[in-house]
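# A look at the structure
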Amino acid sequence: MSDTRAQTTTAEAATATLEAQPPLPGAATSEAAATTGPAAPRRAPATTVLTPLGLLTVLLGAALPMIDFFIVNVALPTIDHDLHAGPAMLEMVVAGYGVAYAMLLVLGGRLGDMIGRRRLFLWGLAAFGITSLACGLAPDAGTLVAARVAQGAAAALLLPQVLATIQATTTGTRRAKAVSLYGGTAGVASAVGQVLGGLLVSVDLAGTGWRAVFLVNVPISAAAWLLAARTVPETRSPHPSRVDGTGTALLAATLISLLLPLTEGRAAGWPVWSWVLLAVFPFAAAAFFLVEHRAERAGRTPLIPPSLLRIPSVNSGLTMIIPFTLGFGGFMFVVAVALQNGLHYGPFAAGLSLAPLCVTFFFASLAGPRLVLRFGRRVVVAGSLIQGAGLIALALTVHTGWPGISVAGLASSMAILGLGQGMVLPVLMRVVLSELPVAQAGVGGGVMVTTQQSGLALGVATLGTLFLALLPTLGVRDAMLAAVLTQLVIVAGTTLLALRLPRRLR
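Keep in mind the model is a prediction, meaning the values are calculated, not measured.

## Observations concerning the side chain of Q340
Turning to its location among the elements, Q340 is positioned in helix α14 (residues 312–341). A distance of 3.2 Å separates the side chain of Q340 from the backbone oxygen of A336, its partner in a polar contact. Not counting residues within four places of it along the chain, the set of residues in contact with Q340 comprises N73, V74, P77, Y345, P347 and A350.

Right under this line is the structure:
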């Protein structure tokens, strides 16, 4: 599809479309409303409309990097055996992807605003497929880590374009449903990653073993690329700005100085460099904030405009996403390790134990739009309480049934957990995007996904480190219980934070 369909932003076209389709109260008008051709008649409908197949395509693209963050969890023991990686290198397989991904997400959103979201989506898909192939063919642990870093960078090009495209090509109830589906995809893909990873490692397709968890991305990326080339409309910001090089460098320094030592420090024995980086973190964060604030005051466009964070829905939504994803990311890591090392599940059984969570999460996310219209933020409060009930049920199951717990024995607590989480995450994403100006769709989506990704990485670093540190002295069962109860405290905090959300959600 030609880029020119979404590039022209004349006042006449914008006025005509705005008159034909008024925006939702308090919501930004779709970018599609300002992107018809220069000769378009007044009151002509917008040409950049995302079809159902187009929505399915961008959601497939969104699922790939989300799945890949978790798909390696159940494959790590096999990777260690085949490549003699060792604990430090294994953590870098996870951390290298996560840090590169989180570090470049906002930049990926800004580039999409500038040069076209469809174009960046296609580039990201191609790069993700190529780097996945490199991961699958890696001859040693060092090469695998390097390929994972490159794969994380490719994911950062790809993912921000999804939310930005949805924001720019949908309005009203269609946007609400699309955002809820995106939120459902985000949660389900995380659990599906471990289910799929366990299945692929167990089946050992053509003797590929763990390599299949990466090689499977290649044909999926190719199919998504072909679909996207035909079904995804091109959009971009009507007033794109230059890339904030200083802000990008400082954001990278901030995230690296926090995430890298927390994810790698324990496995490396907490060397001097890990403490140096942690000491650098507050200074890098402060410098980033000051540079961005000064840039906005001077009339320039910073990488993350501070004014964006002052929007009530953005602020309250992001504040809750951080602890939610921290608990979720840590939980998924702990479960993958505990079930294999403690209950001696195989990779497939460890992944299959999360299937009830996937199912209930998905159906809860589908019900989200209707529930929100009727009950507002109470949906998030109820979801947090249900998630807490699921954690209590899981803790009781582990405490009383260990070590004879079957996959079926975990099903009820996992189903309750998924139901609660599915009522929270998609709604939070909708809250963040509800008042976001369409001109900032790319950067806003990038900020949200960066927050989400950083929370997941912090969860692996904090809850995962707690679990692994307690393992030698307490054993697998009690170390898992400590991690689950810690997450329960986090859930109690998110329940209180839910009271800061807007009472009625658009």
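Having seen the structure, we can now continue with the description.
## Thoughts on the environment of Q161
Position of Q161 relative to the elements: it lies in helix α7 (residues 160–169). Residue Q161 is classed as buried on the basis of its relative accessible area of 1%. Each C-alpha atom, one on Q161 and one on G124, is 9.3 Å from the other, the two residues being 37 residues apart in sequence. Those residues within four positions of Q161 in sequence are excluded, and the remaining contacts are G108, G109, G112, R117, L120 and F121. At 2.8 Å, the side chain of Q161 and the backbone oxygen of G108 are in polar contact.

## Focus: the pattern of salt bridges
Side chains bearing opposite charge may pair, as long as their charged atoms lie close to each other. All told, the structure shown has three salt bridges when counted by the stated rule. The salt bridge partner of D113 is R117, with a shortest N-O separation of 2.7 Å. Taking relative accessible area as the criterion, R117 reaches 0% and is therefore assigned buried. The residue R477 makes a salt bridge to D478 at a minimum N-O spacing of 3.0 Å.

## Re α7
Three- or four-residue spacings in an α-helix give side chains the same orientation, since the helix completes a turn every 3.6 residues. A large share of α7 lies buried, amounting to 10 of its 10 residues. Of all the residues in α7, the buried ones are P160, Q161, V162, L163, A164, T165, I166, Q167, A168 and T169.

## A few points about the nonpolar core
L144, L159, Y182, F331, M448, F467 and M480 are the most contacted members of the largest nonpolar core, which totals 141 residues. Each residue touching L159, except ones within four places of it in the same chain, is listed here: A62, P65, M66, Y101, L105, Y182 and V449.

## Brief notes about unusual backbone geometry
In the segment running from W402 into P403, the intervening peptide bond is cis, with an omega of 5°. By the element assignment, P403 lies in the loop between α17 (378–401) and α18 (407–434). Of note in the backbone geometry, H84 takes a positive phi value of approximately 50° without being a glycine. Counting through the fold element by element, H84 comes out in the loop between α3 (76–83) and α4 (86–115). Take H84: its relative accessible area is 70%, and that puts it in the exposed class. Notably, W270 is not glycine yet its phi reads approximately 50°, a positive angle. Positionally, W270 belongs in the loop between α11 (245–264) and α12 (272–297).

Definitions and cut-offs
- Residues numbered from 1 in each chain as written.
- Predicted model: local features only at pLDDT ≥ 70, side-chain atom pairs only at ≥ 80, totals over all residues.
- Heavy atoms only, no water.
- Helix = DSSP H or I, 4+ residues; strand = E, 2+ residues; numbered from the N terminus.
- Polar contact = N/O pair within 3.5 Å; in protein donor to acceptor, adjacent residues only side chain to side chain.
- Contact = heavy atoms within 4.5 Å.
- Buried < 20%, exposed > 50% of the residue type's maximum accessible area, 1.4 Å probe, protein only.
- Salt bridge = Lys/Arg side-chain N within 4 Å of Asp/Glu carboxyl O.
- Core = buried A, V, L, I, M, F, W, Y, C linked by side-chain atoms within 4.5 Å.

These figures come from the coordinates and say nothing about function on their own.
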